[in-house]
Amino acid sequence: CLTSKEGTTFQQKNVGVKDCDHVTGLSKKQRFLLKGSWKGVSREFESTGVLWLVELFTTHPPTRACFTQFSPLGLGGELQECEEFRQHAEQVMERIDNALFSMEDPDTMKSILLETGAYHRRVVGFRPEMFQFAEEPLLNALRCTLDERYTPQMEVIYRVIVQFMTQTLIEGYNGG
């Protein structure tokens, strides 16, 4: 199923092989753990989204140019204080929440992500690889929000779901 840094699989420790047939690549137990962990994130959508997007804009400046309404604002605090930016960050996190809420209905989850990916074709200057640029900043924001609750096991789970979401967003962007 999923391999940890130590080389053992979470499937071997926690679940049966048949549980790994889910479209996300996560077992039933891992999806359960993700849902529980996500509750902690859901209380902090705005701040998590702001952390994520600021890091994304800092590490990949071309992504910032796609957000023309925010590009004139400085990354040193001006952007974080902008109410419109904070609302956008929260809305992005709510879209992820909608997808994760539908995780047990893979068709609905995938549909939400494909639709979101397709929407980004309308964003001037956006390229599908920008979804990949967003992965590490999102994981870092989740780590910051969850703090000690972001365990090595949860890191693996979040990494798997974020990669699944990224690939599905790209598929949607590319017309899949």
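Here, the structure is the one placed above.
Note that the structure is a prediction, hence the values are computed from the model and not measured. (Residues numbered from 1 in each chain as written. Predicted model: local features only at pLDDT ≥ 70, side-chain atom pairs only at ≥ 80, totals over all residues. Heavy atoms only, no water.)

### Overview of the overall build of the chain
Logical step 1: Helices and strands together make up the secondary structure of the chain, namely 10 helices and 0 strands.
Logical step 2: In the chain, the succession of α and β elements from N to C terminus is α-α-α-α-α-α-α-α-α-α.
Logical step 3: For the chain, long-range pairs separated by at least 24 residues make up 66% of all intrachain contacts whose partners lie at least 6 apart in sequence.
Logical step 4: For the chain, the exposed area adds up to about 9200 Å²; of that, 53% sits on carbon and sulfur atoms. (Helix = DSSP H or I, 4+ residues; strand = E, 2+ residues; numbered from the N terminus. Contact = heavy atoms within 4.5 Å. Areas by Shrake-Rupley, 256 points an atom, 1.4 Å probe, with all protein chains shown as cover.)

### Here we look at the packing of helix α3 (residues 45–59) against helix α6 (residues 83–101)
Logical step 1: Where α3 meets α6, the closest approach of the two axes is 7 Å, and the angle between their N-to-C directions is 105 degrees. Taken together, α3 and α6 sit at an angle that is classed as roughly perpendicular. Between α3 and α6, the contacting residues are Phe45, Glu46, Thr48, Gly49, Val50, Trp52, Leu53, Val54 and Phe57 on the first element and Phe85, Arg86, His88, Ala89, Glu90, Val92, Met93, Glu94, Ile96 and Asp97 on the second.
Logical step 2: Of the residues contributing to the contact of α3 with α6, the split by class is 11 nonpolar, 3 polar and 5 charged. (Axes fitted to C-alpha atoms, helices over the stretch in contact; angles between N-to-C directions. Parallel < 35°, antiparallel > 145°, perpendicular 65-115°, else oblique. Nonpolar A, V, L, I, M, F, W, Y, C, P; charged D, E, K, R; others polar.)

### Quick look at unusual backbone geometry
Logical step 1: Notably, Asp147 is not glycine yet its phi reads approximately 55 degrees, a positive angle.
Logical step 2: Following the sequence through the fold, Asp147 ends up in the loop between α9 (135–146) and α10 (152–173).

### Some details on the nonpolar core
Taken as a class, soluble globular proteins show a tendency for nonpolar side chains to be buried jointly.
Logical step 1: Within the largest apolar cluster, 50 residues are counted, with the highest numbers of intra-cluster contacts made by Trp38, Phe85, Leu100, Tyr158 and Ile161.
Logical step 2: Elements with a contribution of two residues or more to this core: α2 (28–42), α3, α6, α7 (106–119), α8 (129–133), α9 and α10.
Logical step 3: The element best represented in this core is α10, accounting for 12 residues.
Logical step 4: Residue contacts for Trp38: discarding those within four places in its chain leaves Phe45, Met93, Ile96, Asp97, Leu100, Leu142 and Tyr158. (Core = buried A, V, L, I, M, F, W, Y, C linked by side-chain atoms within 4.5 Å. Buried < 20%, exposed > 50% of the residue type's maximum accessible area, 1.4 Å probe, protein only.)

### Quick notes on α6
Logical step 1: Between the first and last C-alpha of α6 there are 26 Å, a value that for 19 residues agrees with the 27 Å anticipated at 1.5 Å per step.
Logical step 2: Listing the buried residues of α6 in full gives Phe85, Ala89, Met93, Ile96, Ala99 and Leu100. Here the buried residues of α6 occupy an arc of 110 degrees about the axis, which is enough to place them on one side.
Logical step 3: Packing partners of the buried residues in α6 comprise α2, α3, α5 (78–81), α7, α9 and α10. (Expected span 1.5 Å × (residues − 1). Arc of directions from axis to C-beta.)

### Quick look at the packing of α2 against α9
Logical step 1: Running from N to C, α2 and α9 point in directions that differ by 85 degrees, and their axes come no closer than 9 Å. Taken together, α2 and α9 sit at an angle that is classed as roughly perpendicular. Here Ser37, Trp38, Gly40 and Val41 of α2 come into contact with α9, specifically with Leu142, Thr145 and Leu146.
Logical step 2: Across the contact of α2 with α9, the residue classes tally to 4 nonpolar, 3 polar and no charged.

### Some points on the environment of Val124
Logical step 1: With respect to the helices and strands, the residue Val124 is situated in the loop between α7 and α8.
Logical step 2: Exposure remark for Val124: the relative accessible area of 72% places this residue in the exposed category.

### Looking at the pattern of salt bridges
Logical step 1: The final tally for this structure, using the stated rule, is 9 salt bridges.
Logical step 2: The partner of Glu104 in a salt bridge is Arg31, and the shortest N-O contact between them spans 2.9 Å. Taken as a pair, Glu104 in the loop between α6 and α7 and Arg31 in helix α2 lie far apart in primary sequence, 73 residues in all.
Logical step 3: Looking at Arg31, the relative accessible area reads 7%, which means it is buried.
Logical step 4: When the shortest N-O distance is used, the salt bridge between Lys35 and Glu104 registers 2.8 Å. One end of the pair, Lys35, is in helix α2; the other, Glu104, is in the loop between α6 and α7, with 69 residues separating them in the sequence.
Logical step 5: Under the relative-accessibility criterion, Lys35 is labelled partly exposed at 35%.
Logical step 6: By relative accessible area, Glu104 is classed as partly exposed at 43%. (Salt bridge = Lys/Arg side-chain N within 4 Å of Asp/Glu carboxyl O.)

Purely spatial values, then, with no claim about function.
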